[in-house]
Amino acid sequence: MKRSILYKILLVSFLVLPSVISGQDAETKYKLAQNYERSGNFEKAESLLNELIEQQPWNYSYFNSLYNIYIKQKKYDEAVGIISKRLTYSPNDPSLYGLMGSVYFMKEMSDSAYFYWDKGIETNPSSISTYRIIANYAIESRALDRALEYLKMGRQLSSDKSIFTLDLANIYSLTLRYKEATLEYCYLLSIKPDQIGLVKTKFNSYSGNKKALDEITETLELYYKENPQPIYLDLIAYCNMLNGNYNAALNFTIEYEKKINGNGASIYSMAQTALRSKAYDAALTGYKYIIDYFPGSNIVPIAKLSYVEALRSRLTDTHKNDIWPYSENTDTAEYKRLSEEYKKIAGEYVNSNIFIQALYSRAEIEFENLRNYRLADSIFTIINLRAPGTEYSAKAFLKRGLIAIYSDNLEQAKTFFDNILLNNKLSADLKAEAYFRKAKIDFWQNYFESALSNLKSASGDLSTAFANDAIELSALISTLKRDSSNLAIYAKSDLFAFQKKYEEAVALLKDLIKRDNLFILKDFVLYRLAEVNIYTKSYGEALEYLKELTGKSENGILSDKALLLTAQIYQYGLKDESKAGELYKNFLEKYPDSLYLETAIQNLNYIQTKKGKDG
């Protein structure tokens, strides 16, 4: 019995072991062939793979690797040869006919390519997947018209008439046939209207392509006339919006709302989009339409508030450039009117979120534009009481802190800023500003170590708006805190400048600049003198101070900032955009790594864009 069992074990071992060894040998050869291919030794890779295919002609991995090596070397005849051999084992595999067609297309023998692709379809002409497989080979070969034929043939067979619609639309788009692509998307929506979001995403890829969007919009309008479904109005509005035609977009959105008996939500969304793009007329028209024609809608309160916000944005945009902090709005009558509008809205919606938003906007205008600090402070106080813990409350504390500084009540200002820092849920920007304002007060009060601590917190997140200013002030204090008497005078002048007491600031700065051994503090004094003179519109004097800074080494601590401010004076103060453009270009050449590079690029782009429009 034992001999019998032993005999069987030995017999099995002799039968199995060679195949195991053979399999291990094949795997080793395959890895070696791959290594040869990666190193560019295609001849040895070919040899090994041909041996492996002789041993295992059914193995697709070996076949595919050898095929790819032939294609890399443009050995198209050899590729045809191995595909033909494989077809003897798998005569009904459409992928092999797809490959064969692709090889002939590479050989620039399109008729032969079409022949084999058609043969691939014939392997299983009743299967939808066959048409997709062959169409994909045609697409990869950029035989796009042929791919269209295969996809259309496949769609005719399917009970799902939306099949291949996106594929067809993509091919039409690639060949710049926007009308045909649009009709495919319309056809898809007629069957599956829930795909509107996907279709909008596809159209969004044409953003900035006016020619394409014009053709798409025209096609949509014609299609809508034959198929007057609301969904196409929505799409026409969207395409007009992408093309920057906000008035047309709004009109189609209004028609859409009428068709669906909506509550104005789509109109409000389109108006908001127009507002973000500074298309103020369209935005205002949209908000007003909601107020007038949807009086019972729950959107009316926010539409009323947004209407006034749009008026304010338009007025601000007319008088002020966001990147030039030295200009001031002088249209007080308009701002007074806006303040009254906000007051009216707040009074109408006392028990809603609109109340706080309207109050805050009104207080901002009283503070920033009308400088009615007492009234602004009283409104901000109401916000602190009615909406504690909110971002509106934090921003109100911030403004109250600034008002306290203007009133020379620095300790109270610190308390307001501390209130902001107690709230851990606020944005990084708000916290950074609170720390920076506290640091400034410490600086003005000559508490330099405390100022450095707060500045460290203010610059912790470099993406915040106050990080650069915090780093700059920290460097100044760290370098000059031993020269505390001169630094204290500079700090006092800085407070006067902040409080808009320009005469007092200039007097201190001019006295300070006469002193010896100021070292880098002199650069800060010159820069601050330039700033104060800008506020008083003494641009000539400001340029003289800046010239002294820009004439120094390019490595000066304020050299880049001084050159930027010089360019801004010419752009915004003296209205000499030609000279400003030259200075911005000079800035970009001298200071490619400056912290202020983005501002310089933004200003230069504005000048060049405006010049292009005017020209």
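Please read these numbers as outputs of a predicted model, since none were measured by experiment. (Residues numbered from 1 in each chain as written. Predicted model: local features only at pLDDT ≥ 70, side-chain atom pairs only at ≥ 80, totals over all residues. Heavy atoms only, no water.)

**Things to note about the packing of aromatic side chains**
Two aromatic rings, taken as a pair, are described by how far apart their centres are and by the angle between their planes.
Turning to step 1, where the next piece is worked out: In this structure the tally under the stated criterion is 29 aromatic pairs.
Turning to step 2, where the next piece is worked out: Plain terms: the ring middles of phenylalanine 63 and tyrosine 67 are 6.4 Å apart, the flat faces sit at 25 degrees to each other, and that makes the pair stacked. Of this pair, phenylalanine 63 and tyrosine 67 both sit in helix α3 (residues 60-72), four residues apart, roughly one helical turn.
Turning to step 3, where the next piece is worked out: In this structure phenylalanine 63 comes out as buried when scored by relative accessible area, which is 3%.
Turning to step 4, where the next piece is worked out: Tyrosine 67 sits in the buried class, given a relative accessible area of 6%.
Turning to step 5, where the next piece is worked out: An aromatic cluster is built from Phe367, Tyr373, Tyr406, Trp444 and Phe498, whose rings are joined through pairwise contacts.
Turning to step 6, where the next piece is worked out: Here arginine 146 stacks its cationic end above the ring of tyrosine 114, 4.1 Å away from the centre of that ring.
Turning to step 7, where the next piece is worked out: Here the basic side chain of lysine 579 rests over the ring of tyrosine 570, its NZ or CZ set 5.9 Å away from the ring centre. (Phe/Tyr/Trp six-rings, centres within 6.5 Å; stacked < 30°, edge-to-face > 60°. Helix = DSSP H or I, 4+ residues; strand = E, 2+ residues; numbered from the N terminus. Buried < 20%, exposed > 50% of the residue type's maximum accessible area, 1.4 Å probe, protein only. Lys NZ or Arg CZ within 6 Å of the ring centre and 35° of its normal.)

**Looking at the packing of helix α21 (residues 391-406) against helix α22 (residues 410-421)**
Turning to step 1, where the next piece is worked out: In contact at an axis separation of 8 Å, α21 and α22 are set at 165 degrees when each is read in the N-to-C sense. The angle between the axes of α21 and α22 places the two elements in the roughly antiparallel class. Between α21 and α22 lies a crossing of left-handed hand. On the side of α21, the interface is formed by Ala394, Phe397, Leu398, Arg400, Gly401, Leu402, Ala404 and Ile405, while α22 contributes Leu410, Gln412, Ala413, Phe416, Phe417, Asn419 and Ile420.
Turning to step 2, where the next piece is worked out: Residue composition of the contact of α21 with α22, grouped by class: eleven nonpolar, three polar and one charged. (Axes fitted to C-alpha atoms, helices over the stretch in contact; angles between N-to-C directions. Parallel < 35°, antiparallel > 145°, perpendicular 65-115°, else oblique. Left-handed = near helix turned anticlockwise from the far one by under 90°. Contact = heavy atoms within 4.5 Å. Nonpolar A, V, L, I, M, F, W, Y, C, P; charged D, E, K, R; others polar.)

**Looking at the confidence of the model for the chain**
Turning to step 1, where the next piece is worked out: Of the residues in the chain, 93% reach a pLDDT of 70 or more, and the chain-wide mean stands at 91.
Turning to step 2, where the next piece is worked out: Looking across the chain, the model is least confident in helix α1 (residues 2-39), with a mean pLDDT of 61, and most confident in helix α16 (residues 280-293), with 98.
Turning to step 3, where the next piece is worked out: Scored below 50 in pLDDT, residues 8-22 shows one contact in the model against residues more than four places distant or in partner chains. (pLDDT = per-residue confidence, 0-100.)

**A word on unusual backbone geometry**
Turning to step 1, where the next piece is worked out: Phi at lysine 278 is positive, roughly 65 degrees, even though this residue is not glycine.
Turning to step 2, where the next piece is worked out: Assignment of secondary structure puts lysine 278 in the loop between α15 (265-276) and α16.

**Some points on the environment of valine 350**
Turning to step 1, where the next piece is worked out: The residue valine 350 is located in the loop between α18 (332-348) and α19 (353-369) in this model.
Turning to step 2, where the next piece is worked out: Judged by relative accessible area, valine 350 falls into the partly exposed class, the value being 33%.
Turning to step 3, where the next piece is worked out: Between the C-alpha atoms of valine 350 and tyrosine 62, which are 288 residues apart in sequence, the distance is 77 Å.
Turning to step 4, where the next piece is worked out: With residues near it in sequence (within four places) discarded, valine 350 still touches Phe355 and Arg386.

**Overview of the pattern of salt bridges**
Turning to step 1, where the next piece is worked out: Within this structure, the stated rule accounts for 30 salt bridges.
Turning to step 2, where the next piece is worked out: Of the charged contacts, one joins aspartate 77 and lysine 107 as a salt bridge, the two residues approaching to 2.6 Å between their closest N and O atoms. One end of the pair, aspartate 77, is in helix α4 (residues 76-89); the other, lysine 107, is in the loop between α5 (94-106) and α6 (110-123), with 30 residues separating them in the sequence.
Turning to step 3, where the next piece is worked out: Residue classification places lysine 107 among the partly exposed positions, given a relative accessible area of 27%.
Turning to step 4, where the next piece is worked out: Lysine 258 is paired through a salt bridge with glutamate 255; the nearest N and O atoms lie 3.5 Å apart. Taken together, the residues span about one helical turn, with lysine 258 and glutamate 255 both in helix α14 (residues 246-260) at a distance of three residues.
Turning to step 5, where the next piece is worked out: Residue class for glutamate 255 comes out partly exposed when judged on its relative accessible area of 36%.
Turning to step 6, where the next piece is worked out: Each of Lys440, Asp494, Arg528 and Glu531 takes part in salt bridges that share partners, so that together they form one network. (Salt bridge = Lys/Arg side-chain N within 4 Å of Asp/Glu carboxyl O.)

**Observations regarding the packing of helix α25 (residues 467-480) against helix α26 (residues 484-498)**
Turning to step 1, where the next piece is worked out: The N-to-C vectors of α25 and α26 enclose an angle of 150 degrees; their axes lie 9 Å apart at closest approach. Taken together, the axes of α25 and α26 are roughly antiparallel relative to one another. Taking contact as the criterion, the partners of Leu476, Ile477 and Leu480 in α25 are, on α26, Ser484, Leu487 and Tyr490.
Turning to step 2, where the next piece is worked out: In terms of residue class, the contact of α25 with α26 is built from five nonpolar, one polar and no charged.

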